[in-house]
Amino acid sequence: MARWQPGARERLILAAVDLFADQGYDATTVAQIADKAGVTKSTFFRHFPDKRELLVAGQETLCRLLTEGIAETPEDAGPLDAIAAGLERASSAMGPMNRELGPRLKAAIAASTELQERDALKSVGLAKAMTDALLARGVPDPLAQLAAELGVLAFKRGYAAWMELDHDEDGLAPHVLTALADLRAASASLG
């Protein structure tokens, strides 16, 4: 097996998502994932502690990008403007692999209760990262939590819109920012 080829982590993620979608999460083994990716089992375990962690691959990077974008927003920016900056930074870093992976990942998650739970935890983690970044800016707790939840919803809605396109010219960021603007307008009418 070609252990020296670059991109082992990405190949493992793609192989796992394909196998999860084709045969189900429970029926897929680490050995099958490694084989499909063209690596050894030991290479798999160098990248991931177990197959559950494949779903949250990139979570730390995504959270870091969100919090950096929020932290670097001018001090006088409101909470949703800070969220927009974080979302723009994080979604601008997502490229063709994320777009290619999206539909397959969605199918794999839909077919597995365990993956659905993992996906829900991922959303909680993103909301916590954004809430903490807003709290660090001095935003009051309830407002920080609400803005972060709107940020998570905007990310999900923008990502879904991005996946529905036949081709991608602009990337994910414009779709996420449009979703946030729509949610901002909708929340203003809750009055």
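Coordinates for the structure precede this section.
Since the structure is predicted, the reported quantities are computational estimates derived from the model, not experimental observations.

About the criteria used
- Residues numbered from 1 in each chain as written.
- Predicted model: local features only at pLDDT ≥ 70, side-chain atom pairs only at ≥ 80, totals over all residues.
- Heavy atoms only, no water.
- Helix = DSSP H or I, 4+ residues; strand = E, 2+ residues; numbered from the N terminus.
- Buried < 20%, exposed > 50% of the residue type's maximum accessible area, 1.4 Å probe, protein only.
- Polar contact = N/O pair within 3.5 Å; in protein donor to acceptor, adjacent residues only side chain to side chain.
- Axes fitted to C-alpha atoms, helices over the stretch in contact; angles between N-to-C directions.
- Parallel < 35°, antiparallel > 145°, perpendicular 65-115°, else oblique.
- Left-handed = near helix turned anticlockwise from the far one by under 90°.
- Contact = heavy atoms within 4.5 Å.
- Nonpolar A, V, L, I, M, F, W, Y, C, P; charged D, E, K, R; others polar.
- Expected span 1.5 Å × (residues − 1).
- Bend = angle between axes of the 7 residues up to and from the residue.
- Phe/Tyr/Trp six-rings, centres within 6.5 Å; stacked < 30°, edge-to-face > 60°.
- Lys NZ or Arg CZ within 6 Å of the ring centre and 35° of its normal.
- Salt bridge = Lys/Arg side-chain N within 4 Å of Asp/Glu carboxyl O.
- Core = buried A, V, L, I, M, F, W, Y, C linked by side-chain atoms within 4.5 Å.

**Observations regarding the side chain of Thr-43**
Looking at the secondary structure, you find Thr-43 in helix α3 (residues 41–47). Taking the relative accessible area as the measure of exposure, Thr-43 reaches 3% and is therefore buried. At 3.0 Å, the side chain of Thr-43 forms a polar contact with the side chain of Thr-40.

**Some words on the packing of helix α4 (residues 59–71) against helix α5 (residues 79–92)**
Two elements in contact, α4 and α5, have axes whose closest approach is 7 Å; the angle formed by their N-to-C orientations is 140 degrees. Relative to α5, the element α4 lies oblique. Crossing geometry of α4 relative to α5 is assigned as right-handed. Counting all contacts with α4, which are made through Leu-62, Leu-65, Leu-66, Glu-68, Gly-69 and Ile-70, the residues of α5 involved are Ala-82, Ile-83, Ala-85, Gly-86, Leu-87, Arg-89 and Ala-90. A breakdown of the residues in the contact of α4 with α5 according to their chemical character gives nine nonpolar, two polar and two charged.

**Regarding the side chain of Gln-59**
Assignment of secondary structure puts Gln-59 in helix α4. Look past the residues within four positions of Gln-59 in its chain and what remains in contact with it is Lys-122, Gly-125 and Leu-126.

**Considering helix α6 (residues 96–110)**
The first and last C-alpha atoms of α6 sit 22 Å apart over 15 residues, in line with the 21 Å expected at 1.5 Å per residue. Roughly 40 degrees is the biggest bend found in α6, and it falls at Gly-102, with proline Pro-103 one to four residues downstream.

**Focus: the environment of Thr-67**
Among the secondary structure elements, Thr-67 is positioned in helix α4. Look at Thr-67 and you get partly exposed, because its relative accessible area is 25%. Linking Thr-67 and Leu-134, residues 67 residues apart in sequence, is a C-alpha distance of 8.4 Å. Leave out the neighbours within four places in its chain, and Thr-67 touches Ala-129 and Ala-133.

**Examining the packing of aromatic side chains**
The relation between two aromatic rings is expressed through the spacing of the ring centres and the mutual angle of the planes. One pass over the structure, following the stated rule, counts five aromatic pairs. For the ring pair Phe-20 and Tyr-25, a centre distance of 5.0 Å and an interplane angle of 65 degrees mean the geometry is edge-to-face. Judged on exposure class, the residue Phe-20 and its partner Tyr-25 are both buried. Ring geometry for Phe-155 versus Tyr-159: centroids 6.3 Å apart, planes at 25 degrees, classification stacked. Of the two residues, Phe-155 and Tyr-159 both sit in helix α8 (residues 141–164), four residues apart, roughly one turn of that helix. Among the aromatic residues, ring-to-ring pairing joins Phe-44, Phe-45 and Phe-48 into one connected group. A cation sits over an aromatic face here: Lys-51 above Tyr-25, 4.3 Å from the ring centre. A cation over an aromatic ring shows up here: Arg-99 above the ring of Trp-162, its NZ or CZ 5.8 Å from the ring centre.

**Description of α5**
Here α5 contains 14 residues, and its C-alpha end-to-end distance of 20 Å stays within 8% of the 20 Å for a straight helix at 1.5 Å per residue. Within the sequence span of α5, burial applies to Leu-80, Ala-82, Ile-83, Ala-84, Gly-86, Leu-87, Ala-90 and Ser-91.

**A closer look at the pattern of salt bridges**
Counted by the stated rule, this structure contains seven salt bridges. The shortest N-O distance in the salt bridge between Glu-68 and Arg-89 comes to 3.1 Å. With a gap of 21 residues between them, Glu-68 in helix α4 and Arg-89 in helix α5 connect regions that are remote in the sequence. A single network of salt bridges, built from pairs that share partners, joins Arg-64, Glu-68, Glu-72 and Arg-89.

**A look at the nonpolar core**
Core analysis: the largest hydrophobic core is formed by 34 residues, its most contacted members being Ile-83, Leu-87 and Leu-134. Looking at this core, the elements that each hand over two or more residues are α4, α5, α7 (113–136), α8 and α9 (173–188). Beyond its immediate sequence surroundings of up to four residues, Leu-87 is in contact with Leu-66, Gly-151, Ala-154, Phe-155, Val-176 and Leu-180. Counting residues in hydrophobic clusters, the runner-up holds 24 residues, among them Ile-33, Ala-37, Phe-48 and Ile-109.

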